[in-house]
Amino acid sequence: MRPSVRQPGPLTFLNAEHDRHLCARNPEQFCPRGAGRFKARNSLTLNGIDALERHLANVCKKVLAGIGRIIPDQKLEGLALGGGYGRGEGGVLKTPAGDQPYNDLEFYVFVRGHLWLNERRYAKSLHQLGEKLSLVAGVELEFKITSAVKLRRSPQNLFYHDLVMGHRWLLGDDRLLAGCEHHGDARAIRLSEATRLLMNRCSGLLFAREKLEHERFPAEDADFVGRNIAKTELALGDAVLIAFGKYHWSCLERGQRLNDLATTEHLPWLDEVRQRHAAGVEFKLQPHRSSLSRDALQKHFREVSSLALRVWLWLENRRLDCDCRSVADYASSCINKWPDTNRWRNRLANVRVFGLRTLLLSRNSRHPRERILNALAFLLWARAETSPALTRKVQRELLWTKSTALIPAYRERWSRAS
C-alpha cells in the first residue's frame, strides 16, 4: 500500500527561519492566524484557512490513488506537487463560501523508462484523471511526466529550478533529486529563460486583448483578462531579476530583491516594474475575480503592454547583443533569436510545430521559437492584423496561408513551441 501525502523534503522550503522571514514582511496579509506567527512548513498556502489546506490535501490523496491505478508500482518512481502550492505560496481566493483554490495544481509524475514511451502509454489516462479530479478540486489539474534520469541530465531551466527548490512529495523523497543540484543555482539561469517567460506571459496578454475586443464580454472573460495582466506584471519583474542573476523561487523574496536591486544601468522603467511586480505578487497570493469594466481593463492592458515592450526590447538587446529600438527593428531583424541550439534538433522541432513543409525552408535549422517571437511582436505591439503588409509577415512567420484567424493560428503554434 502506497503512503499518503508525505512531509516535504529538505529542499522544499529551505528552512524554518526562511518561512518566518517571509511571513514577517507582512504578517497580517499572509499569516492571518496572528502577527508573529507563521504557517507550518507543510502548508500549501501562506494565507489559506485550515479547511482549504484539508481540501487540497484530500485532492492530493485522490491524485496519488488515481495515479496508482494507472502506472504500475515498478514504473512509478515518485510524485511531486510543484507550482505555487508545491512551494507553499498557492493562491487563495476569498469567497463568501470560504477560501477556495485559484491556481492550477501541477503534478510531476516520475516514471522509470523512456520518456516518449511513457507519454504514449500514460498521458491520455493522466489527462482523463485530471479532468475528473478538476471537478473535485475546483481548479485545473496538470500532470507532467518526467523521470529522475531526465531531470539530472536536463540543462537548467526556470521550471526545473522552481521544482527542485519548492515541491511537496506525495510519493518518494528528495533522494530522487540527487544529481540535480545544478537546477538549484538561480545565478546560472540563462537569459533565454527570461525571454521564454516573457514570451509565454505576453502571449497571455495577446489572448487577453482578443477577448477585450469581442462583441460580448462576459464575467469569465473579465477574469481571464485580469488574471493574464497580473501574470505579466509579475513576469516583468521576474525577467529583470533573472537578467541580473537575482531570481528566487519565492515570489515574496523576489519582490524584496527587486526593491533592493541596485544597477548602474539607466532603466527609466524600473520603478514602474517594481510597482507592477508588487501588484502581481499580491494577486498571486490573494487572487480575485475581476469586477472591472471593459474600459478599465483596456486601460490596464495598454499600460502593462506598453511597459512589457520596453522590458522586452531591453532584455532581447541584452541577450542577443543587438540594438533593436522598436518592434519593427526586432521582428524584422535577421539575427538568430534562439542561438546555441542544435541545428538537427531544431529541424525536428520545426516539423513538430509547423509540419513537414518546414524541411524545405531556408530557416529550418533555427529554433521554431524564433518564428513565434517575431509573430508575437508583430501581433501584440504592431497590431499586424490591421496592416496588410504586416499580416503577410505574420503569415510567413507562422506558415499560415489565411489572412484571417491570425491569433488562433499563433495560439496553436505557440502551444507547441513554448
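Each value, and the rule that gives it
Residues numbered from 1 in each chain as written. Predicted model: local features only at pLDDT ≥ 70, side-chain atom pairs only at ≥ 80, totals over all residues. Heavy atoms only, no water. Helix = DSSP H or I, 4+ residues; strand = E, 2+ residues; numbered from the N terminus. Pairing = 2+ DSSP bridges. Axes fitted to C-alpha atoms, helices over the stretch in contact; angles between N-to-C directions. Buried < 20%, exposed > 50% of the residue type's maximum accessible area, 1.4 Å probe, protein only. Disulfide = S-S within 2.5 Å. Parallel < 35°, antiparallel > 145°, perpendicular 65-115°, else oblique. Left-handed = near helix turned anticlockwise from the far one by under 90°. Contact = heavy atoms within 4.5 Å. Nonpolar A, V, L, I, M, F, W, Y, C, P; charged D, E, K, R; others polar.

Asks: Just to check I follow, could you spell out the environment of Arg392 for this structure?
Replies: Mapped onto the fold, Arg392 is located in helix H16 (residues 388-398). Once the C-alpha coordinates of Arg392 and Ser403 are considered, the two residues, 11 residues apart in sequence, prove to be 7.3 Å apart.

Asks: Where do I start with the sheet that holds strand E1 (residues 76-81) in this structure?
Replies: Backbone hydrogen bonds are what pair the strands of a sheet, in a parallel or an antiparallel way. In space, the four strands of this open sheet follow the order E5-E4-E1-E6, with mixed pairing throughout. Edge positions in the sheet fall to strand E5 (141-146) and strand E6 (168-171), since each has one partner strand and no second. Between one strand and the next, the sheet's axes are offset by a mean angle of 25 degrees, whatever the strand orientation.

Asks: In this structure, what is going on with the pairing of strand E4 (residues 105-111)? I would like to understand it.
Replies: Consecutive residues of a regular strand have side chains that alternate between opposite faces of the sheet. Extensive coverage of E4 is indicated by the burial of six of its seven residues. Bridge count between E1 and E4: five bridges; the pairing is antiparallel. From the neighbouring strand, Leu81 faces E4, where its bridge partner is Phe107. As paired elements, E4 and E5 share six bridges and run parallel to each other. Of the residues in E5, the one forming a bridge with Tyr108 is Lys144.

Asks: Before we go on, may I ask you to explain the state of the cysteines in this structure?
Replies: Formally, a disulfide is one covalent bond, and it connects the sulfur atom of one cysteine to the sulfur atom of another. Under the definition given, this model contains zero disulfides. The closest cysteine sulfur to the non-disulfide-bonded Cys334 is located on Cys324, 11 Å from its own sulfur. The exposure class assigned to Cys334 is exposed, which follows from its relative accessible area of 66%.

Asks: Help me understand the packing of helix H12 (residues 294-320) against helix H15 (residues 369-381), please; the structure alone is not making it clear to me.
Replies: Packed helices, taken two at a time, are described by the angle their axes make and the gap between the axes. For the pair H12 and H15, the least separation of the axes is 11 Å and the interaxial angle reads 150 degrees. Compared by their axis directions, H12 and H15 come out roughly antiparallel. The chirality of how H12 crosses H15 is left-handed. Here Phe301, Ser305, Ala308, Leu309, Trp312, Glu316 and Arg319 of H12 lie close against H15, whose contacting residues are Leu373, Leu376, Leu380 and Trp381. In terms of residue class, the contact of H12 with H15 is built from eight nonpolar, one polar and two charged.

So, to be careful, I would describe these as geometric facts and stop short of saying anything about function.
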